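Here's the letter readout for the chains.
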Amino acid sequence: MEAVLLGMVLMLSIFLGFELISKVPATLHTPLMSGANAISGVTLVGALTSASMGQELFASILGCLAVTMATINVVGGYLVTNRMLGMFKKKDTGAKAGARQ
Amino acid sequence: MSTELINSIYIIAAALFVFGLKQMSSPATAVRGNLLSAVGMFIAVVVTLFAREIVEFQWIVIGVVVGSLIGAVAAQKVAMTSMPEMVALFNGSGGASSLLVGWAALYGAEAGTFTLVTIILSILIGGVTLSGSILAWGKLSEVMTSKAVVFGAQRLVNAALLAALVVCSVLFVLDPSVTSPYLYVVIALSLLLGVMAVLPIGGADMPVVISLLNSYSGLAACAAGFAIHNNILIVAGALVGAAGIILTQIMCKAMNRSLANVLFSGFGAVKTATVVEGEVKPINVEDAYVILEAATNVTFVPGYGMAVAQAQHVVRELGELLEANGCEVTFAIHPVAGRMPGHMNVLLAEANVSYDQLVEMDDINPRMSNIDVAVVIGANDVVNPAAREDENSPIYGMPIINVDHARTVFVLKRSMSSGFSGVDNPLFFGENTRMLFGDAKQSIAALVAEFKT
């Protein structure tokens, strides 16, 4: 039964994803992608659990590597997206009018 | 904290992801959207740390510190021209982490068949994403040849590889164990498959590949979510998967090619375009200045060549001077103008071009006949009228920016040579086209100097 419920969540999320993403303008597609990178770093949540269950050493090392990789995505993804989005500026109309004179 | 409570808090995180993506629908709210999404991630991570299963923290601390350092430094240092490489590597690390999470999940409690299938899927998709992304990075950064690598029985080899992968996965699920040789075979084969899948794709098609790998990294996260029964991974993974697929579609449509065509065949020069003959009409900077000075409506059509020449800053300066002269200035951007979706927009935004001046192809084309001067900088195929008129052209059917409908077209070009597809461009011989030969940056700088005197 749990598998069916998770499947339901998956189906709804995919439709929601399509609706949301198709509204993102072409101008923002690069930040959208790096932002998506950051979100896919959500595997960090899974990695945290696998790195810390106190089982075999090898499993902990796998978990630790997984945490590292996912953290790169999360931290790098959000920071670079923020840096890019900060560049998208609209000239305020006052400055424009000033330039025309 | 109980599992129930943790899962309820994940719902808040998921809602923040959704809300963050919703705010990406406008550049004005996008910064806040990204922040909301990051807050969602922070909540999800913190609450996970309170889970009962977590007993050892040393591995987490090592991973988080190392990962944060690498991520933060990379995010600060990367040049905007290198964003495609950066995103390719991020896709790869996303794939790697799904592979590792799936692998480590095998060490957990006894798993049922369904969970085992999803674990294998997580390893498989993660592996393909990892090695495929590294190869894509290699092609983008030109560490290796960016051309399509095609050999005789390539499709046969890939099909055999995929079949072997499926067989080994099934064998593993039937007799699961962390020491099963099939596990290692599956990991190795999925890494190999990723490499083989990206090899036959040429450098010009890389925007499609990055988008697709982006989608894979989401799907891998999704599979990992099923493997460890975690709903936030499924929701977030599905959102990312959808984003990647939509961008892939947009890129394919902008090149008028099917996804299958991009994935399986190197850019085929099967057709030979009708040879265009005519006389090009060169123009010098002084005359170009006179025309621009009189124009009331100018649109710039940048291609990746502009970024290579680092001309975006002088172009912006010219745009400002034109505006000060009472002229309306826009930048018409073709979906495949850069090396990844939206790349050109970021490059122009970096050069301080206001985002309301960035116009999409479908918005500029209907009003092209009212444009006094269209200035083509470092673009070729995306403004080639052969795509519209010449059925024999390899790029026939590809949507283009109809600069030839503008009253006057300036094409900035180093010399007469073709774009990546080796297609002749009838635009250069057009009645209203004037060629401004020379380095794009120097030509624009000379125009700027004319305006200032």
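Here the structure is a predicted model, which means the values were calculated and not measured.

Caption draft 1: Representation of the overall build of chain B in the model. Helix and strand content of chain B: 17 helices and six strands. When the backbone C-alpha atoms are referred to their principal axes, chain B occupies close to 80 × 50 × 35 Å. Within chain B, contacts between residues at least 6 apart in sequence are counted, and of these 77% link residues at least 24 apart. Of the accessible surface of chain B, which amounts to about 18100 Å², a share of 63% is contributed by carbon and sulfur atoms. Of the charged side chains in chain B, 21 are positive and 32 negative, and the gap between their average positions amounts to 2 Å.

Caption draft 2: Here's a closer look at helix α4 (residues 83-105) of chain B. Given a rise of 1.5 Å per residue, 23 residues ought to cover 33 Å, and the 33 Å separating the end C-alpha atoms of α4 of chain B matches this to within 8%. For α4 of chain B, a buried count of 22 out of 23 residues is recorded, marking the element as mostly surrounded by other parts of the structure.

Caption draft 3: Representation of the environment of G152 of chain B within the structure. All names here are of chain B. By the element assignment, G152 lies in the loop between α5 (113-140) and α6 (154-174). Looking at G152, the relative accessible area reads 80%, which means it is exposed. A sequence separation of 217 residues divides G152 from S369, and the C-alpha atoms of the two residues are 48 Å apart.

Caption draft 4: Examining the pairing of strand β1 (residues 297-302) of chain B more closely. Residues and elements named next belong to chain B. By the criterion of burial, β1 is predominantly enclosed, with six of the six residues buried. Summarising the sheet, β1 and strand β2 (residues 328-333) pair through four bridges and their orientation is parallel. The residue of β2 that forms the bridge with V298 is V329. Bridge count between β1 and strand β4 (residues 373-377): five bridges; the pairing is parallel. From the neighbouring strand, V301 faces β4, where its bridge partner is V376.

Caption draft 5: Expanded view of the interface of chain B and chain A. The interface is formed by 101 residues belonging to chain B together with 83 residues belonging to chain A. Here chain B and chain A share zero salt bridges between them. On inspection of chain B and its partner chain A, the count reaches 14 residue pairs in polar contact (both at pLDDT 80 or more).

Caption draft 6: Examining the packing of aromatic side chains more closely. All names here are of chain B. Tallying each qualifying case throughout the model produces six aromatic pairs over all chains. Pairing W103 with Y184 gives two aromatic rings, centres 6.2 Å apart and planes at 75°, and the pair type is edge-to-face. Pair noted here: W103 is in helix α4 and Y184 is in helix α7 (residues 181-198), with a separation of 81 residues, a long-range link. Taking the relative accessible area as the measure of exposure, W103 reaches 12% and is therefore buried. Look at F300 and F331: their rings are 5.2 Å apart centre to centre, the planes differ by 25°, and that puts the pair in the stacked class. Residue F300 is located in strand β1, and its partner F331 is located in strand β2; the two are separated by 31 residues in the primary sequence.

Caption draft 7: Inspection of unusual backbone geometry at higher detail. Residues and elements named next belong to chain B. Residues other than glycine seldom take positive phi values, yet E142 does so here, at roughly 60°. Positionally, E142 belongs in the loop between α5 and α6. Not every positive phi belongs to a glycine, and H229 is a case in point at roughly 50°. Looking at where H229 falls in the secondary structure, it is placed in the loop between α8 (206-227) and α9 (231-254). In this structure H229 comes out as partly exposed when scored by relative accessible area, which is 33%.

Caption draft 8: Structural detail: the confidence of the model for chain A. On average, residues of chain A score 86 in pLDDT, and 88% of them are at 70 or above. Under a pLDDT of 50 for its full length, residues 93-101 of chain A has, in the predicted model, five contacts with residues more than four places off or in other chains.

Caption draft 9: Geometry of the sheet that holds strand β6 (residues 433-437) of chain B. All names here are of chain B. Taken in spatial order, the six strands make up an open sheet running β3-β2-β1-β4-β5-β6, and their pairing is parallel. Each of the sheet's edge strands pairs with one partner strand only, and the pair in question is β3 (358-360) and β6. Put simply, the sheet's adjacent strands are angled 25° from each other on average, direction ignored.

About the cut-offs
- Residues numbered from 1 in each chain as written.
- Chains lettered and ligands numbered in written order.
- Predicted model: local features only at pLDDT ≥ 70, side-chain atom pairs only at ≥ 80, totals over all residues.
- Heavy atoms only, no water.
- Helix = DSSP H or I, 4+ residues; strand = E, 2+ residues; numbered from the N terminus.
- Contact = heavy atoms within 4.5 Å.
- Areas by Shrake-Rupley, 256 points an atom, 1.4 Å probe, with all protein chains shown as cover.
- Lys, Arg positive; Asp, Glu negative; His and termini not counted.
- Charge placed at Lys NZ, Arg CZ, Asp CG, Glu CD.
- Expected span 1.5 Å × (residues − 1).
- Buried < 20%, exposed > 50% of the residue type's maximum accessible area, 1.4 Å probe, protein only.
- Pairing = 2+ DSSP bridges.
- Salt bridge = Lys/Arg side-chain N within 4 Å of Asp/Glu carboxyl O.
- Polar contact = N/O pair within 3.5 Å; in protein donor to acceptor, adjacent residues only side chain to side chain.
- Phe/Tyr/Trp six-rings, centres within 6.5 Å; stacked < 30°, edge-to-face > 60°.
- pLDDT = per-residue confidence, 0-100.
- Axes fitted to C-alpha atoms, helices over the stretch in contact; angles between N-to-C directions.

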